[in-house]
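# Structure at a glance
Read off the chains here:
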Amino acid sequence: MAAPMSDTVSTPRSFQEIILRLQSYWAGKGCAVLQPYDMEVGAGTFHPATTLRSLGTQPWAAAYVQPSRRPTDGRYGENPNRLQHYYQYQVLIKPSPPDLQDLYLGSLRAIGIDMDLHDIRFVEDDWESPTLGAWGLGWEVWCDGMEVSQFTYFQQVGGHDCHPVSGELTYGLERLAMYILGVDHVMDMPFNDPNTAIPLSYGDIFKQTEEEYARWNFDVANTEVLLRHFEEAEAECEKILNQAHDDPKTGKRIIMAHPAYDQCIKASHIFNLLDARGVISVTERQAYIGRVRALARQCADAFVQTRAGGWQPEDAA
Amino acid sequence: MTTVPDLLIELFSEEIPARMQKRAGEDLQKLVTNGLVDAGLTYASAAAFTTPRRLTLTVEGLLDQSPTTREERKGPKADAPEKAIEGFLRGAGLTRDQVETRETPKGNILFAVIEKPGRPAAEIIAEVLTHIIRTFPWPKSMRWGAGSLKWVRPLHSILCILTDEAGAQVVPGEVDGITFGDTTEGHRFMAPGRFSVTSFEDYGTKLKRAHVVLDASERAEAIWHDATNAAFASGLEVVEDKGLLSEVAGLVEWPVVLMGKIGDDFLDLPPEVLQTSMKEHQKFFSVKNPKTGRIERFITVANRETADNGATILAGNEKVLSARLADAKFFWENDLRTVRDVGLEGMAKPLADVTFHNKLGSQAERVARIEALARELAPVVGAKPDLAAEAARIVKADLASEMVYEFPELQGNMGKYYAQAAGHDDGLPEACEEHYSPLGPSDDVPTSPMSVAVALADKLDTLTGFWVIDEKPTGSKDPFALRRAALGTIRLVLENDLTLKISDTVFEHGKKFGASEAKDRIKAEASRLRREHADARDRDSEEMDEAVRAAGAAMFNVDEASLDLLAFFHDRLKVYLRDQGIRHDIIDACIAMEGNDDLTLLVKRAKALSGTLKTDDGENLIQGFKRANNILTQAEEADGVEYSYGADVKFAEEPQETALFEALDAAEAKIAPAMEAQDFASAMHAMATLRTPIDAFFEAVQINADNQTVRRNRLNLLSRIRTLCLSVADLTKLEG
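The following refers to the structure shown. Remember, predicted model here, so these are calculated numbers, not experimental data.

Counting its regular elements, chain A contains eight helices and nine strands. Its C-alpha atoms give chain A a radius of gyration of 21 Å, near enough to 20 Å, the size a compact globule of 317 residues would have. With the principal axes as the frame, chain A shows a C-alpha extent of 65 × 50 × 40 Å. For chain A, the residues scored as buried account for 54% of the 317 residues in total. Considering only intrachain contacts with a sequence separation of at least 6, the fraction spanning at least 24 residues in chain A is 66%. Surface summary for chain A: the accessible area is close to 13500 Å², and the carbon and sulfur share equals 51%. Looking at charge distribution, chain A has the averaged site of its 26 positive side-chain charges lying 5 Å from that of its 43 negative ones.

As a further point, take the packing of helix 9 (residues 363-381) of chain B against helix 14 (residues 449-468) of chain B. Residue and element names in this part refer to chain B. As a packed pair, helix 9 and helix 14 sit with axes 8 Å apart at the nearest point and diverge in direction by 130 degrees. Accordingly, the angle class assigned to the pair helix 9 and helix 14 is oblique. Remark: the crossing between helix 9 and helix 14 carries right-handed chirality. Two secondary-structure elements touch here, helix 9 through Arg 366, Arg 369, Ile 370, Leu 373, Ala 374, Leu 377 and Val 381 and helix 14 through Pro 449, Val 452, Ala 453, Val 454, Leu 456, Ala 457, Asp 458, Leu 460, Asp 461 and Thr 462. Across the contact of helix 9 with helix 14, the residue classes break down as 12 nonpolar, one polar and four charged.

Let us now look at the packing of aromatic side chains. If you walk through the whole model with that rule in mind, you get 35 aromatic pairs over all chains. On the numbers, 6.0 Å between centres and 85 degrees between planes, the contact of B:Trp332 with B:Tyr417 is edge-to-face. In this pair, B:Trp332 sits in helix 8 (residues 311-348) while B:Tyr417 sits in helix 12 (residues 413-421), placing the two residues 85 residues apart along the sequence. The pair B:Trp332 / B:Tyr417 is uniform in exposure class, with both members buried. Connected via pairs of aromatic rings, a cluster forms that spans A:Tyr89, A:Tyr104, A:Phe122, A:Trp139, A:Phe151, A:Tyr153 and A:Tyr171. The residue whose ring lies beneath A:Arg253 is A:Trp311, and the NZ or CZ to ring-centre distance is 3.4 Å. Its end group placed over the ring of B:Phe111, B:Arg102 keeps NZ or CZ at 4.2 Å from the ring centre.

Turning our eyes to something else, we now look at helix 1 (residues 15-28) of chain A. Residue and element names in this part refer to chain A. With 14 residues, helix 1 should cover 20 Å at 1.5 Å per step; its first-to-last C-alpha distance of 20 Å lies within 8% of that length. Those residues of helix 1 lying buried are Phe 15, Ile 18, Ile 19, Arg 21, Leu 22, Gln 23, Tyr 25 and Trp 26. Phi turns positive one or two residues past the end of helix 1, at Gly 30, with a value near 95 degrees.

The next thing to look at is the interface of chain B and chain A. Contacts between the two partners involve 42 residues from chain B, matched on the other side by 42 residues from chain A. For the chain B and chain A pair, buried surface summed over both sides reaches about 3400 Å², with 52% attributable to carbon and sulfur atoms. Among the residues of chain B in contact with chain A, B:Arg143, B:Arg153 and B:Phe189 are the three that bury the most area, contributing 20% of the side total. Inspection of the chain B/chain A interface yields 19 residue pairs in polar contact (both at pLDDT 80 or more). Counting only elements with at least two residues in the side of chain B that touches chain A, the list comes to helix 1 (18-38), helix 7 (271-282), strand 16 (295-302) and helix 8 of chain B.

With that out of the way, let us pick up the pairing of strand 7 (residues 155-164) of chain B. Residue and element names in this part refer to chain B. Of all 10 residues in strand 7, eight are buried, a share of seventy percent or more. Bridge count for strand 1 (residues 6-13) against strand 7 is eight bridges, and the pairing is antiparallel. The partner of Leu 11 across the bridge, within strand 7, is Ile 158. By the bridge criterion, two bridges tie strand 7 to strand 10 (residues 178-181) in an arrangement that is parallel. Looking at strand 10, one finds that Ile 158 is bridged to Phe 180. Of the strand pairs in this sheet, strand 7 and strand 8 (residues 167-170) are connected by four bridges, and their pairing is antiparallel.

Turning to the sheet that holds strand 5 (residues 100-104) of chain B, a few remarks are in order. Residues and elements named next belong to chain B. Here three strands make up an open sheet; going across it, the order is 4-6-5 and the pairing antiparallel. The two strands at the open ends of the sheet, each matched to only one other strand, are strand 4 (69-77) and strand 5. Put simply, the sheet's adjacent strands are angled 35 degrees from each other on average, direction ignored. Taken together, the five bridges between strand 5 and strand 6 (residues 107-116) define a ladder with antiparallel strand orientation. Among the inter-strand pairings, Glu 100 is bridged to a residue of strand 6, identified as Phe 111. On top of the sheet, helix 2 (residues 82-92) reaches strand 4 and strand 6; it is set at about 170 degrees to strand 4, its chief contact.

Moving on, we get to the packing of helix 5 (residues 216-233) of chain B against helix 6 (residues 242-249) of chain B. Angle between the axes and distance between the axes: these two values describe a pair of packed helices. Residues and elements named next belong to chain B. As a packed pair, helix 5 and helix 6 sit with axes 9 Å apart at the nearest point and diverge in direction by 120 degrees. As helix 5 runs across helix 6, the sense of the crossing is right-handed. Between helix 5, through Ala 216, Arg 219, Ala 220, Ile 223 and Trp 224, and helix 6, the contact on the second element is made entirely by Leu 245, Val 248 and Ala 249. Taken together, the residues that form the contact of helix 5 with helix 6 break down as seven nonpolar, no polar and one charged.

All names here are of chain B. What the four strands build is an open sheet, ordered 13-15-16-14; its pairing is antiparallel. The open sheet terminates on both sides in strands that have one partner only, identified here as strand 13 (237-238) and strand 14 (256-261). Sheet topology note: the strand 13/strand 15 (residues 285-288) ladder contains two bridges and is antiparallel. Each bridged residue has a counterpart across the sheet, and for Glu 237 the counterpart in strand 15 is Lys 288. This element, helix 8, spans strand 14 and strand 16 of the sheet and lies at about 125 degrees to strand 16.

What counts and what doesn't
Residues numbered from 1 in each chain as written. Chains lettered and ligands numbered in written order. Predicted model: local features only at pLDDT ≥ 70, side-chain atom pairs only at ≥ 80, totals over all residues. Heavy atoms only, no water. Helix = DSSP H or I, 4+ residues; strand = E, 2+ residues; numbered from the N terminus. Rg over C-alpha atoms; globule rule 2.2 N^0.38 Å. Buried < 20%, exposed > 50% of the residue type's maximum accessible area, 1.4 Å probe, protein only. Contact = heavy atoms within 4.5 Å. Areas by Shrake-Rupley, 256 points an atom, 1.4 Å probe, with all protein chains shown as cover. Lys, Arg positive; Asp, Glu negative; His and termini not counted. Charge placed at Lys NZ, Arg CZ, Asp CG, Glu CD. Axes fitted to C-alpha atoms, helices over the stretch in contact; angles between N-to-C directions. Parallel < 35°, antiparallel > 145°, perpendicular 65-115°, else oblique. Left-handed = near helix turned anticlockwise from the far one by under 90°. Nonpolar A, V, L, I, M, F, W, Y, C, P; charged D, E, K, R; others polar. Phe/Tyr/Trp six-rings, centres within 6.5 Å; stacked < 30°, edge-to-face > 60°. Lys NZ or Arg CZ within 6 Å of the ring centre and 35° of its normal. Expected span 1.5 Å × (residues − 1). Buried area = accessible area lost by both parts, 1.4 Å probe. Polar contact = N/O pair within 3.5 Å; in protein donor to acceptor, adjacent residues only side chain to side chain. Pairing = 2+ DSSP bridges.

Right, dumping it as structure tokens:
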């Protein structure tokens with residue numbers, strides 16, 4: 001006997017409605033709904049609310065949309081699925097609750113996926129970020145054969161073992177929304193309610209920017225300047241972390257893990273831009289990734305020395 | 001009164017990777033049953049089952065408690081020093097008044113009788129299971145939440161019950177806050193909620209009711225049955241794929257087969273592309289039209305039934321597939337454009353920037369070496385050198401294609417299509433596809449001379465390279481599949497009946513690594529040589545090249561590598577021939593002979609010897625040879641001389657002796673030319689005919705005669721037997 005499920009949830013009508021429903025769903029489950037990080041990142045994982053907060057012993061529960069940039073994926077807005085700028089929805093809960101799978105499935109119901117008609121599967125997919133020195137085990141979640149989310153139990157971040165373990169959920173919003181809304185080309189997807197006075201499609205908002213950035217990413221970005229910025233970000237990150245823990249002006253213990261991590265994010269994004277410009281050879285690639293990883297590691301080392309990272313004044317004794 | 005309860009264990013977790021399930025079930029069964037038996041709990045039968053969310057073990061006919069054991073230990077003398085007695089007592093875990101003193105012929109000795117009472121099954125099971133859960137050999141495991149337990153994915157519940165006539169009883173136990181119980185869950189979506197079970201039978205029935213098929217093989221059979229039926233109903237057939245079937249059976253608890261369509265736009269893609277794309281990304285089976293051979297549909301396996309009979313699920317899957325195949329078509333069309341514009345050699349250009357191995361250079365350098373070697377091997381295999389070289393230049397071109405970048409397993413297949421598209425014929429497209437063969441022991445061996453030339457060159461280059469840089473396989477580690485390459489080489493040589501001097505080939509080829517892989521050092525060497533030989537300019541540049549190559553060879557010790565690689569080939573050959581029923585000592589007897597780097601020759605000799613040894617004459621001849629050899633060796637050691645020639649029939653005293661002379665003469669007359677013609681069978685047949693005269697000789701004649709002349713003559717006669725037999729194979733290596 002099939003279980004009667006109260007799937008009375010209506011189908012959303014727009015991209016933003018899906019985001020709003022995720023926001024209210026996770027808010028209802030006790031997450032702090034954060035705003036996107038104000039820097040260019042390659043994925044929602046880079047937000048310090050995930051990378052740094054997954055470290056240390058302090059409990060954490062956050063959800064947010066993160067605009068993400070992958071310069072090499074730019075297709076001038078022509079490919080139905082590929083974008084150089086897209087949105088991820090990210091949830092991080094530490095320690096991972098025992099019912100995280102059920103919570104996640106609840107979020108799919110909330111955005112209009114009828115569990116009685118669809119085939120949801122958890123398919124092995126181990127996650128690793130060489131730039132962040134991080135890895136975890138989990139799945140890609142399939143809905144009718146399509147990957148709709150990444151589900152990961154973080155084991156290590158920035159070279160540190162995660163204790164307790166965070167559960168991370170990452171939804172690829174465009175792909176998920178296209179599926180729910182039945183749209184074949186991302187640019188055709190309604191961004192706001194299509195029945196409003198001024199209906200806007202995803203293309204109305206992003207077609208032009210996809211073109212502009214694709215041209216800049218691939219052909220125009222000044223690689224000399226970028227290379228210099230990379231070096232500067234790297235140097236600044238290390239300089240910040242080399243400061244004494246105690247601030248001479250206030251006399252307070254202030255370890256600047258976050259400002260240093262901003263430089264790490266910056267270096268990572270510049271590397272992605274250089275990669276898109278095709279100026280990084282296969283062998284150099286590994287070296288650059290290694291340099292970013294070294295920064296991420298140092299930032300992680302610093303963060304666990306802070307209160308948010310679980311440091312207690314008694315630890316100093 | 002003892003009962004024989006049944007044990008049921010279920011470890012219920014979040015989704016276990018499909019590829020790990022089978023092994024985990026086997027491990028659970030082995031570890032639990034071993035643990036129980038070690039603790040004295042024997043059982044009648046056991047079986048393990050797996051689904052994506054559970055590992056289940058049923059053990060039937062278990063003892064309800066372990067038997068009491070008595071162990072007697074002998075200790076020191078009763079009047080031994082205090083220290084010795086204390087040590088003994090501590091070891092036995094007893095006090096002085098618990099041990100007894102026994103009179104023995106050696107005096108009064110202390111004896112401890114340690115009695116271990118039997119323990120209830122539940123206690124043992126809890127202990128064994130707890131330990132196994134904490135140390136389970138998952139290939140990769142993880143922590144979750146705030147706990148420290150490791151499992152493949154979060155472990156949610158442990159069902160552990162003992163069932164006998166009186167009913168079921170939960171085994172008391174706990175691991176990291178998870179208390180053993182008697183409940184489980186059914187299908188995640190079709191039957192949520194927990195329920196309790198009382199026995200394995202009850203468990204199986206309730207699970208099925210809750211939409212879970214417990215047995216993976218039952219799921220696989222159901223999938224295959226439904227899939228072939230669905231295809232048959234449309235006049236089509238499913239392309240068999242056992243690996244995929246077992247993987248898919250590990251992704252579902254309640255398999256539902258759905259057949260979907262492939263968009264018309266994609267039907268003209270090569271079948272390998274359709275099949276790979278559908279399998280790798282979507283875990284779909286391919287469905288073929290037997291009339292056209294084309295792949296026209298797919299089978300997907302859902303994990304549930306739905307009110308719309310899977311219509312929504314199928315529509316979603318078709319949509320995803322279209323997006324995937326649009327990518328594949330895009331790669332295919334781009335690649336075709338590239339080969340039409342710049343040919344395969346043009347396509348191969350970027351390989352110069354792709355590292356094959358950091359000590360072995362780029363893919364392009366590798367291709368250049370393979371080309372040179374293929375050209376050299378061409379005459380051996382009956383191929384045209386120029387054509388073989390051309391083939392070698394293009395067979396790896398598809399490694400630079402977009403399609404192979406996306407689907408590495410299509411290497412070779414795509415090469416064939418792209419070679420055709422570039423207008424190649426003369427067997428070149430086939431060489432692209434076949435030069436990786438044979439991959440496994442049952443894989444077909446290419447026979448077209450060009451494919452053989454390139455396939456051999458490819459494998460020998462890989463083997464030589466890794467031997468030269470000394471990265472040989474060790475134990476279970478063989479990351480570059482060198483054992484497979486060696487077996488492939490062996491099969492190519494043997495099945496095509498090729499005469500190839502392996503060590504010479506490897507030695508010559510090895511020098512190229514020296515020359516190309518350590519350019520800087522060699523350049524330095526070259527300039528040193530030039531400085532030393534002021535007249536270098538006048539010298540022929542070939543001579544200089546030779547000197548540089550020699551420098552490279554010296555750097556890598558190519559000589560040693562080629563000998564060591566030959567030994568590796570011999571080891572692989574033993575494994576290969578053992579599977580064909582040829583004993584390893586027979587191969588050793590043949591390896592010890594001249595020409596052992598000609599594998600075809602070596603195997604001919606081994607097969608002839610093996611055949612001879614199976615005959616009555618052959619087997620007895622070996623005994624005769626060994627007897628002759630032993631007597632001779634002892635006499636040589638005793639006399640300090642080697643008896644090697646000079647046997648003369650005129651000193652023969654017995655008719656059997658004379659007969660042996662004649663038989664040896666006759667055999668020699670046959671063996672020498674047969675060996676010359678590499679006709680080992682005839683040579684060995686002739687050798688086996690010596691059995692009767694040798695046996696008769698030993699029967700009638702005493703070697704150590706009083707007359708020294710007669711003795712010497714007989715020893716020299718034995719020496720003729722030895723020499724003759726050893727000219728065929730080193731029979732001293734034979735066992736038994």
